[in-house]
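In case you want the letters, here they are:
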Amino acid sequence: MTLTEDRAKSSQVRRLSAPDPVSRTRGSQRFLLVGLSLASVYSLFPVWWLIVAATKDRTGLYQSNGLWFSGWHLWDNLRQLFTYEDGIFLRWTANSFLYAGVGSLGGTLLALATGYGLARFDFPGRNVVFAAVVGSFLIPIALLTLPLYLLFSDIGLVDTPWAMLIPCLINPFSVYLAKVYTEATIPFELLEAARIDGAGELRIFFSIVLRMMTTGGATVFLLAFVNTWNAFFLPLTVLRGEENWTLNLGLYNWSGKRLESGVDLTSLVLTGALLSIVPMAIMMVAMRRYWRSGVTMGALK
Amino acid sequence: MIRSLRWKGAAFTVPFQLGFVFLYLLPIGYAVYQSLFRVQQSGLGLGGSTEEFAGLDNYQQGLTDSAFMGSVLRVVLFACVQIPVMLLISLVLALLLDAVTSRVASRFRILLLVPYMIPGVVAAIVWLNLYSPDVGPLTPLGKIFGFDWNFFAPSMVWPSIGNLLTWHGIGYNMVIIYSALQGVPRELFEAARLDGASERRIALSVKIPFVRGALVLTGMLSIIQMLQIFNEPALFRNVTPQTVSDSFTPIMIIYNQAFNAGNYHYAAALSVLLALILGVASFLFYRFTSKEAD
């Protein structure tokens with residue numbers, strides 16, 4: 001059985017002790033594969049349906065079988081999507097990239113500095129800061145967002161990109177992850193050696209710590225990017241004018257148009273929805289190694 | 001540690017601390033403060049309005065507000081069904097992954113994680129259209145088997161949302177449970193096998209107790225998310241406002257009080273209440289699930 005071979009290769013102990021388990025027959029392997037395949041079909045068919053739907057024109061969308069192609073209209077749909085209301089969709093895409101990219105970059109840098117400070121220095125109040133970071137995971141988003149909206153509107157930030165960018169800079173979960181990563185990758189001895197060599201603390205952080213934390217930093221950035229890209233309640237609350245909206249907000253608005261004014265934008269919404277997944281998919285695949293460790297590490301430590 | 005070094009270390013955290021004060025502590029303080037006031041209309045409402053101190057009146061109103069408490073109850077009841085179902089499926093999938101070769105497991109893991117990569121709003125849009133009687137394939141599919149499904153009917157709307165959440169969440173929860181399983185020393189399974197335990201028995205008596213921590217954690221995260229559910233019902237409301245009212249979930253009520261009714265003070269009190277409910281729920285869940293462990 002490939003299964004036992006595989007396992008046996010990876011451990012000496014097993015090779016010595018494993019008699020072929022009786023229950024691991026070909027039949028039970030098949031049962032496992034059938035179970036996993038069914039779950040995969042459940043996971044994938046909505047995405048498949050979305051891809052197919054984006055290639056159809058209106059008639060095809062309403063009249064043909066949803067799970068198979070009928071006519072190829074993807075380019076028409078894309079042209080419509082990008083020209084509708086003077087190309088507002090492109091604007092939303094650019095906004096989403098701006099908020100998620102710049103916001104997460106700044107947030108990651110701040111989080112790495114904070115995580116490093118918390119993990120490798122023993123200053124008074126350190127535990128209080130860390131407790132605040134962890135405690136803030138429990139604060140409901142409404143409790144933060146509504147008063148933030150009032151504060152931002154007092155200083156004139158509502159409806160500007162700053163209203164999205166500033167909250168991204170402070171991300172307690174990123175700080176938590178950065179602390180965990182620092183503890184795993186930056187040895188005290190290394191810092192002491194650098195100090196003995198006469199390096200200043202800032203120099204140590206920028207040229208040693210940040211460089212050693214590339215993997216951790218990439219994970220923190222990726223998760224923050226995904227979070228901001230997916231954000232809905234914050235942009236809904238602090239962004240009023242269309243020109244500052246994110247993709248999510250735009251798609252939400254379009255999907256409500258049919259009821260509100262009788263304009264059916266289903267075809268645009270679906271093509272737009274498909275496009276808004278593309279950057280996520282590219283990032284996730286390109287950084288698969290990082291985010292998998294990030295997801296599990298953040299959750300289990 | 002040398003005194004000056006301590007302060008240099010603290011300096012690394014100062015920008016974050018300042019931001020945290022401005023973006024977390026100040027808003028929470030402001031919300032609590034706001035929740036203690038109310039707007040008093042003078043005269044017939046034409047003479048402008050003034051804010052006056054209301055004490056805990058807003059809280060009292062919130063606790064007796066049947067729409068708000070009803071929405072909390074609705075979400076809690078829903079969580080009691082959806083979260084166990086989702087975690088059970090995730091657990092079973094993690095156990096299946098753990099039982100196949102690592103090559104096969106890594107392929108399936110990526111496939112099962114695809115929904116997790118999709119933004120929540122987009123996931124809701126996709127399922128709204130799958131459910132739709134006009135464009136979705138599920139209605140004609142049901143007809144073939146003799147079902148006349150209406151996914152937006154009042155009795156179906158929670159199952160419809162529940163399916164969406166389950167679809168979106170199983171990959172993530174599965175990965176966490178699976179990596180906890182990978183951390184179990186393999187010798188333990190071999191020992192159990194030598195003692196004559198069946199694979200099913202090993203899964204039930206050895207593997208599941210080991211991933212208890214991961215289950216508690218994923219359960220806790222799901223509860224926190226569920227009490228704050230907003231995106232999915234908001235999008236469903238776009239399609240079927242008769243079924244998904246604007247007071248369907250606690251956050252929807254808070255949002256409407258703040259932005260449609262212009263009642264910030266009451267909205268602030270409700271968000272503080274929701275935070276307290278969230279804290280109590282997490283605490284109870286944690287106590288309840290970790291008690292049996294020791």
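Residues numbered from 1 in each chain as written. Chains lettered and ligands numbered in written order. Predicted model: local features only at pLDDT ≥ 70, side-chain atom pairs only at ≥ 80, totals over all residues. Heavy atoms only, no water.

Caption draft 1: How the structure looks around the interface of chain B and chain A. Listed by partner, the interface residues are 95 residues for chain B and 104 residues for chain A. Both faces combined, the contact of chain B with chain A buries some 8,800 Å², and carbon together with sulfur accounts for 77% of it. Counting every contact that joins chain B to chain A gives zero salt bridges. For the pair chain B and chain A, the interface holds seven residue pairs in polar contact (both at pLDDT 80 or more). Residue contributions to the side of chain B that touches chain A peak at 22 residues, all from helix H1 (residues 3-35) of chain B. (Contact = heavy atoms within 4.5 Å. Buried area = accessible area lost by both parts, 1.4 Å probe. Salt bridge = Lys/Arg side-chain N within 4 Å of Asp/Glu carboxyl O. Polar contact = N/O pair within 3.5 Å; in protein donor to acceptor, adjacent residues only side chain to side chain. Helix = DSSP H or I, 4+ residues; strand = E, 2+ residues; numbered from the N terminus.)

Caption draft 2: Looking closely at the domain arrangement of chain A. All names here are of chain A. In terms of domains, chain A is made up of domain 1 (29-71) and domain 2 (86-299). Here the C-alpha centroids of domain 1 and domain 2 sit 32 Å apart. Taken together, the contact between domain 1 and domain 2 spans nine residues of the former and nine residues of the latter. For the pair domain 1 and domain 2, the summed buried area comes to about 710 Å², and 70% of that belongs to carbon and sulfur atoms. On the domain 1 side of the interface with domain 2, the three residues burying the most area are Leu 50, Ala 54 and Tyr 62, jointly 54% of the side's total. Linking domain 1 to domain 2 there are zero salt bridges. Counting the contacts that link domain 1 with domain 2 gives zero residue pairs in polar contact (both at pLDDT 80 or more). Counting residues per element, the ones that place at least two in the side of domain 1 that touches domain 2 are helix H3 (26-54) and helix H4 (58-63). A total of five residues in the side of domain 1 that touches domain 2 trace back to one element, the largest contributor, which is H3. For the side of domain 1 that touches domain 2, a count of residues per class yields seven nonpolar, no polar and two charged. (Domains from an automatic or database assignment. Nonpolar A, V, L, I, M, F, W, Y, C, P; charged D, E, K, R; others polar.)

Caption draft 3: Molecular detail of helix H10 (residues 212-227) of chain B. The terminal C-alpha atoms of H10 of chain B, which comprises 16 residues, lie 22 Å apart, in line with the 22 Å expected from a rise of 1.5 Å per residue. All buried positions along H10 of chain B are accounted for by Ala 214, Val 216, Thr 218, Gly 219, Ser 222, Ile 223, Ile 224, Met 226 and Leu 227 of chain B. (Expected span 1.5 Å × (residues − 1). Buried < 20%, exposed > 50% of the residue type's maximum accessible area, 1.4 Å probe, protein only.)

Caption draft 4: Here's a closer look at the UniProt feature "transmembrane region" (unreviewed entry) in chain A. All names here are of chain A. Residues given the UniProt feature "transmembrane region" (unreviewed entry) here are residues 31-51, 97-116, 128-150, 162-181, 202-226 and 265-287. For residues 31-51, the helix share is 100%, the strand share is 0%, and the end-to-end C-alpha distance is 30 Å. As a span, residues 265-287 carries 91% helix and 0% strand, and end to end its C-alpha atoms are 34 Å apart. (UniProt positions renumbered as here; feature names shortened; annotations may be inferred.)

Caption draft 5: Spotlight on the pattern of salt bridges. All chains considered together, the criterion is met by ten salt bridges over all chains. For the salt bridge of Glu 85 of chain A with Lys 257 of chain A, the shortest nitrogen-to-oxygen distance reads 3.7 Å. Note that Glu 85 of chain A is positioned in the loop between helix H5 (74-83) and helix H6 (88-120) and Lys 257 of chain A in helix H15 (residues 247-261), a separation of 172 residues in sequence. The exposure class of Glu 85 of chain A is partly exposed, given its relative accessible area of 35%. Residue Lys 257 of chain A is classed as buried on the basis of its relative accessible area of 13%. Put simply, Glu 199 of chain B and Arg 193 of chain B hold a salt bridge, and the shortest N to O gap is 2.6 Å. On the accessibility criterion, Arg 193 of chain B (13% relative accessible area) is buried. Taken together, the salt bridges that share partners define one network made up of Arg 38, Glu 52 and Asp 57 of chain B.

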